[in-house]
Amino acid sequence: MYNTNYQRVSSTDEATAAMDAAEDGKYVSGGQTLIPTMKQRLAAPSDLIDLRHIDAMKGITVDGNQVTIGAATSHAEVANSAELCEVCPSICNLASHIGDPHVRNMGTIGGSVANNDPAADYPAAMMALNAQIMTNKRTIDTDDFFTGMFETALEEDEIITAVTFPAPAKAAYAKFPNPASRYAMAGVFVAKLKNGMARVGVTGAGSDGVFRHEAMEEALKSDWSVDAIAGAQVDEGDMLSDIHGDGAYRANLVKVMAKRAVEASQ
Amino acid sequence: MSEGIGARVLRKEDKRFITGKGKYTDDVRNEHQCYAAFVRSPHAHAKVKGINKSAAEAMEGVSAVLDGHQLTGDGIGNIICGWMIHSKDGTPMKMGAWSALATDTVRYVGDAVAVVVADTPENAKTAAEAVEVDYEELHAVVSAVDALGDSAPQIHPEAEGNLIYDWEIGEKDATEEAIAGAAYVCEMEITNNRLAPNPMEPRSAVATFDESEDHYTLYTTSQNPHVARLVLSAFYQVAPEHKLRVIAPDVGGGFGAKIYIYPEEIVCLWASMKTRKSVKWTSDRTEAFLTDAHGRDHVSTAKMGFDANNKIVGFQIDTIANLGAYMSLFSSSVPTYLYATLLSGQYNIENIHCNVRTVYTNTTPVDAYRGAGRPEACYLIERVMETAARELGVDPAQLRRQNFIEEFPHQTPVIMAYDAGDFSTNQDAAMQATDYAGFEARRSEAAARGKLRGIGMSCYIEACGIAPSAAVGSLGAGVGLWESAEVRVNPVGTVEILTGSHAHGQGHETTFSQLIADRFGLPTDNVQVVHGDTDKVQFGMGTYGSRSGAVGMSAIVKALDKVEAKAKKIAAHMLEADEGDIVIEDGEVKVAGTDKKLGWHEICLGAYTAHNLPEGMEPGLKEGAFYDPANFTFPAGTYICEVEIDPDTGTTEIVQFAASDDFGTIINPMIVEGQVHGGIAQGVGQALLEQAVYDDSGQLITGSYMDYAMPRADDLPSYKVSHESTICPNNPLGIKGCGEAGAIGSPPAVINAITNAIGNNDLSMPATPAKVWAAIQAAEMKQAAE
């Protein structure tokens, strides 16, 4: 790893000021992708500005039907929140299966969503739960937020402060892990929203990152059942293909995981 | 409780290992320690047109930037392969030159072209990035089959068409004739996947040149420090043998990858002399993937002929083995004498012929990895046997049993003479442990849950304790394969065992101490095992090929015989008794049939005070021995694997796994079970998860754990391990060896179980979910078409 300056900040204003002052700074919020990259000397920020200790960005609140999770909240906190589990157990379950205990205690929801790794779990949940991504500047609809592999609508000096979504009527996440990395090879989050919408977010499999499967959503909207999506098509040409599985296999996994998620939804 | 042979003594060494107090090579920190970083080729094949070192030399903390021309200019010799194989036309193998730092051509991604020595690891790495190397890229080839093709690039000028040797064993004509006359022939194309060894501790070296004495000390992660010293001095001319001390302290796993002498150790020693500084290098995980010798990588065609009564009449194999970019230390022996000599398996086969071509490719060098050649042989035989049984419509267990060798000794047509075994007893035990007979009911029950259930068997035999030295010498080995030991009894009666074996996780400190407990009734706590230091242990051949029990312990036993004989002479003199009446047990030396006795420590003290020794006896109680075995040993057994497959995703779950092994005498059953557990884990890793994959340009795609799938605890079942032993007649303890059996026997059992479950025999390792799912689709399409 190249030498870097580590800075711990306590507000987003302090964070942006530190970024402005840095030669080539980088925000870090858990660093479970960035730190390994730096250790391999593939990234060399002059400054690491740590967002994990901004109090205003921590914690989970459930206000009636609305869930808000601070961006600096760790995966372990999401997984173990009794309050959250009461209204949206699916996201607790998702968080409990991210990485390993080290990752879950360091990694944060804001870091994961901002990084938008094509095999990360949270983006699928944000898509399916119709979440809004709150930043230090504005609030962004999830459909506008994820713009491609490792790409988001975030501007240079924009920091995610929280994510917020309405508790769904039913939801579940089914993930097929890559045998080596255990990231999702296909992860499907299905949500039946209380406003009658059905949303399906797919991660790990798509060649352009996380996406919604609209045909499945359409089918599930009128009939929330495994049978409703039995005939759904997934275009293997839109899928990633690598040594772990070709497009046909990933397309199959998306269908299978979607069915399992619907089956498991509660 | 007895701590002798057969006792489950807890491992003495674990206290320091599990409390983080082990002392590994990277823990060595000398005064003014400097660090090496290597400049490695990013190309799989390229000409080196020039190296500009000036920017790096000017950087902070840099002591030296050294290249291959300086290395060869200082007379450092090329790295060699120590086992000569002759092609069937009589010509010697075609070994390409391998300089520890490449001079004109780089031949795989990771090939080192220069080294930077600096005051910190970071400064060394940063300066290494500043070394400018001008490469002219050449075409690369990564597959062994492609490397033999007309359009393949020429990798070494010494090996035309990239062919290293074209070797054969057995009778070709007789085998072809037998197969031509067979009632049924099972023919299969079988690939044995390339593996990266991944010991937990990466390789490391700390070299220190002492100018005042012209003396070198090398700490290194080696399975055989004496062989390292011999090769470094005799072949690489780094330092004369008496001026080089090699220490392999605690080593965190080897699996074969730490047998060889790599460029980095040579360069650290040489750089230490050049800079007059202590030079340390520790591999990171990426370097480990790129440069630790890989294992396996065979492509074979196998034909097995059966007569009308299902007796095997002939077995013919054609194998192409990938040796990578350079010939590593024992690479030539793995696909020949460690492989083809085991192709008779557990079966009575009159005619066997195997042809092996080894080739250069633009990939990491390939050498022995846990099992080394024997897993490749076992996988071939056992996949063919299972497939043949299915095609013949007979029970795979019965087809094997019908062809088992039942009389010993048994001379196979491929050199090996099996000395002892009882194959059907092991098979019975594994079948009982898994309720083999009840499988169909379990299959139906699984089908009702939507799962495909399958069962697969593997009856393996392997050869351990490669020997005797004269025989392996006649087959081309450059070294003898004996072992040495010294037993030093101290005046207070405690004991030190100095051994040429090297422990890197095997638990020698415990099992070797048990020999003393067994012989003299002393507690194992009174024994210290000393190994891994060429200044302390006179010589040794190290640990690999499951040889530390059968060969290393036999040397200790020989030394113990001498110690016991002398102790009895002293005791007889002190107790005024007949030497033949002296017995040593429970830490006491007694005169049989009387109440006369002395404590063991009193005899030992007597040996060193020398106040009252027999006339003419030298003082002291210390004996050494060299032991050269009369034959290999032949561990064997039956492994049965049962799997359930999720047809929707192709995921395999191992629902039971039973191993019944014949290891001969077992010193510590707990440690042996641990060896079997670890071996099966590696075998399951090969069968289900692991493969080193290159792209066409020679870049290693699986260069990290993001893409190279190592087995994790939740990939593995609880094992049912048992032992049904026959005693090895060729060594004093009757030991066969247990270190590699699990990795040898398990892969075909796993694959046979999966192919049984999915009804498609066409499946290659690793059987990833994607591959299994595709094989299920193919089987369904075939069924639909029929």
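Below you will find a few notes about this structure. (Residues numbered from 1 in each chain as written. Chains lettered and ligands numbered in written order. Predicted model: local features only at pLDDT ≥ 70, side-chain atom pairs only at ≥ 80, totals over all residues.)

On to the interface of chain B and chain A, then. Across the boundary between the two partners, chain B contributes 16 residues, which contact twelve residues of chain A. The dominant element in the side of chain B that touches chain A, judged by the number of residues it contributes, is helix α20 (residues 769-785) of chain B, at four residues. Looking at the side of chain B that touches chain A, its residues break down into eleven nonpolar, three polar and two charged. (Contact = placed C-beta atoms within 7 Å. Helix = DSSP H or I, 4+ residues; strand = E, 2+ residues; numbered from the N terminus. Nonpolar A, V, L, I, M, F, W, Y, C, P; charged D, E, K, R; others polar.)

Glancing now at the sheet that holds strand β8 (residues 184-192) of chain B. All names here are of chain B. Pairing in this open sheet of five strands is mixed, and the strands run β7-β15-β14-β13-β8 from one edge to the other. Each of the sheet's edge strands pairs with one partner strand only, and the pair in question is β7 (163-170) and β8. For this sheet, the mean inter-axis angle between neighbouring strands, taken without regard to orientation, is 10°. Across nine bridges, the pairing between β8 and strand β13 (residues 298-306) is antiparallel. Across the sheet, the residue bridging to Val 185 is Gly 305, located in β13. Contacts between helix α6 (residues 172-180) and the sheet are confined to β7, β8, β13, β14 (312-322) and β15 (352-359), with β14 contributing the most and set at about 120° to the helix. Helix α10 (residues 374-392) rests against β8, β13 and β14 of the sheet, and its axis sits at about 140° to β8. (Pairing = 2+ DSSP bridges. Axes fitted to C-alpha atoms, helices over the stretch in contact; angles between N-to-C directions.)

To continue, consider helix α19 (residues 741-758) of chain B. Each α-helix turn comprises 3.6 residues. Residues three or four places apart therefore point the same way. Residue and element names in this part refer to chain B. Between the first and last C-alpha of α19 there are 27 Å, a value that for 18 residues agrees with the 26 Å anticipated at 1.5 Å per step. Extensive coverage of α19 is indicated by the burial of 18 of its 18 residues. Positive backbone phi, at 70°, marks Gly 759, one or two positions downstream of α19. (Expected span 1.5 Å × (residues − 1). Buried ≥ 20, exposed ≤ 12 C-beta atoms within 10 Å, placed from the backbone.)

Residues and elements named next belong to chain B. If you trace the seven strands from one edge of the open sheet to the other, you get β3-β5-β1-β12-β9-β10-β11, paired in mixed fashion. Looking along the sheet, the strands with just one partner apiece sit at the ends: β3 (62-67) and β11 (244-247). Going from strand to strand, the sheet's axes swing by 20° on average, the running direction of each strand aside. With four bridges connecting them, strand β10 (residues 215-220) and β11 associate as parallel partners.

The next thing to look at is the pairing of β11(B). Across the two faces of β11(B) the burial differs, with B:Leu244 and B:Val246 buried and B:Arg245 and B:Ile247 not buried at all. For the segment spanning β10(B), helix α7 (residues 225-234) of chain B and β11(B), crossover handedness is right-handed. (Right-handed = clockwise from strand over helix to strand, strands pointing away.)

Here we take up the environment of B:Gly493. All names here are of chain B. By the secondary structure assignment, Gly 493 is in the loop between β19 (483-489) and β20 (495-499). Between the C-alpha atoms of Gly 493 and Ile 603, which are 110 residues apart in sequence, the distance is 8.0 Å. In contact with Gly 493, not counting residues within four places along its chain, are Trp 600, His 601 and Cys 604.

All names here are of chain B. Look at the link from Phe 408 to Pro 409: it is a cis peptide, with omega at -5°. Tracing the backbone shows Pro 409 in the loop between α11 (396-403) and β16 (410-411). Between Met 765 and Pro 766 the backbone carries a cis peptide bond, its omega angle lying at -10°. The residue Pro 766 is located in the loop between α19 and α20 in this model. Non-glycine residue Arg 296 carries a positive phi angle of around 65°. The residue Arg 296 is located in the loop between α9 (285-291) and β13 in this model. A positive phi angle, near 50°, is found at Asp 435, a position not held by glycine. Relative to the helices and strands, Asp 435 is located in the loop between α12 (423-434) and α13 (439-448).

It is worth spelling out the nonpolar core at this point. Looking at soluble globular proteins, one finds that nonpolar side chains tend to be buried together. Among the nonpolar cores identified, the biggest contains 325 residues, and A:Val188, A:Val190, B:Ala36, B:Val115, B:Val116 and B:Ile556 are the most heavily contacted of them. With twelve residues, helix α16 (residues 547-575) of chain B is the single largest residue contributor to this core. Ignoring any residue separated from it by four or fewer positions in sequence, one finds B:Ala36 in contact with B:Val115, B:Val116, B:Val117, B:Ala124, B:Val267, B:Cys268, B:Ala271, B:Val279, B:Lys280 and B:Trp281. (Core = buried A, V, L, I, M, F, W, Y, C linked by C-beta atoms within 7 Å.)

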